[in-house]
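Secondary and tertiary structure notes
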Amino acid sequence: MNKTTYEFDIFDYYADPVDYFKKCLYLRKIGNQGICMYKNKKIHLSPRLFEALFIMAEDTSKTHKLDIISENYVAEDNERQIAARINKAFKKEGFTNIVKKEFRSGYCINLDIIQDDFIVTTTR
């Protein structure tokens with residue numbers, strides 16, 4: 001007779017799945033619109049800021065370049081400005097800086113503040 005053990009998943013620590021989503025950074029892309037929720041509060045981001053945060057949230061294991069070169073080879077925004085505006089939107093709702101700069105590398109989500117298990121990205 002085989003004895004198997006059940007390994008707890010992150011969902012198992014919460015009685016209701018809604019409790020899990022109340023602690024998450026939830027990013028949902030619907031067409032050209034985006035929904036950003038963090039700890040059950042809606043964060044208002046422009047489409048450019050949402051896209052940058054969504055790219056960082058999809059792969060938290062590496063750093064990302066946030067400035068995208070447009071068709072006329074001019075950077076739309078400075079990386080530092082994009083990260084500062086994302087952090088400003090989160091500070092307005094009472095949260096700390098969620099985006100951090102890695103030395104000589106790029107920008108990423110601060111995993112000291114929010115764990116990778118609590119970042120949810122979906123597209124529709």
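Below: a short report on this structure.

Calculation rules
- Residues numbered from 1 in each chain as written.
- Predicted model: local features only at pLDDT ≥ 70, side-chain atom pairs only at ≥ 80, totals over all residues.
- Heavy atoms only, no water.
- Pairing = 2+ DSSP bridges.
- Helix = DSSP H or I, 4+ residues; strand = E, 2+ residues; numbered from the N terminus.
- Contact = heavy atoms within 4.5 Å.
- Axes fitted to C-alpha atoms, helices over the stretch in contact; angles between N-to-C directions.
- Buried < 20%, exposed > 50% of the residue type's maximum accessible area, 1.4 Å probe, protein only.
- Core = buried A, V, L, I, M, F, W, Y, C linked by side-chain atoms within 4.5 Å.
- Expected span 1.5 Å × (residues − 1).
- Salt bridge = Lys/Arg side-chain N within 4 Å of Asp/Glu carboxyl O.
- Parallel < 35°, antiparallel > 145°, perpendicular 65-115°, else oblique.
- Nonpolar A, V, L, I, M, F, W, Y, C, P; charged D, E, K, R; others polar.

Reading across the sheet, the four strands line up as S3-S2-S1-S6 and stay open at both edges, with mixed pairing between neighbours. The two strands at the open ends of the sheet, each matched to only one other strand, are strand S3 (41-42) and strand S6 (119-123). Here strand S2 (residues 33-38) pairs with S3 via two bridges, running antiparallel. Note on S3: the bridge partner recorded for Met 37 is Lys 42. Strands strand S1 (25-30), S2 and S6 of the sheet are contacted by helix H2 (residues 47-58), whose axis makes an angle of about 115° with S1.

A few words now on the environment of Leu 27. Inspection of the secondary structure puts Leu 27 in strand S1. You can call Leu 27 buried: its relative accessible area is 0%. C-alpha separation for the pair Leu 27 and Val 120, spaced 93 residues apart in sequence, amounts to 6.2 Å. Look past the residues within four positions of Leu 27 in its chain and what remains in contact with it is Ile 35, Cys 36, Phe 50, Leu 53, Phe 54, Ala 57, Val 120, Thr 121 and Thr 122.

Leu 25, Cys 36, Leu 53, Ile 86, Phe 90, Ile 98 and Ile 109 are the most contacted members of the largest nonpolar core, which totals 31 residues. Tallying contributions element by element places H2 first for this core, with seven residues. Ignoring anything within four residues of it in the chain, the contact list for Leu 53 reads Leu 27, Cys 36, Leu 45, Ile 86, Phe 90, Val 99 and Ile 109.

A word on H2. Over its 12 residues, H2 runs 16 Å from end to end, which matches the ideal 16 Å to within 8%, given 1.5 Å per residue. Listing the buried residues of H2 in full gives Arg 48, Leu 49, Phe 50, Ala 52, Leu 53, Phe 54, Met 56 and Ala 57. Against S1, S2, helix H3 (79-92), strand S4 (99-102), strand S5 (106-109) and S6 lie the buried residues of H2.

Okay, the pattern of salt bridges next. Under the counting rule described, the total for this entry stands at two salt bridges. Close ionic contact of Lys 29 with Glu 51 constitutes a salt bridge, the shortest N to O distance being 3.3 Å. Taken together, the residues span a long stretch of sequence, with Lys 29 in strand S1 and Glu 51 in helix H2 at a distance of 22 residues. By relative accessible area, Glu 51 is classed as partly exposed at 28%.

Interhelical geometry of H2 versus H3 gives an angle of 95° and a closest axis separation of 10 Å. Taken together, the axes of H2 and H3 lie roughly perpendicular to each other. Along the contact surface, H2 presents Arg 48, Leu 49, Ala 52, Leu 53 and Met 56, while H3 presents Ile 82, Arg 85, Ile 86 and Phe 90. Residues that form the contact of H2 with H3 fall into these classes: seven nonpolar, no polar and two charged.

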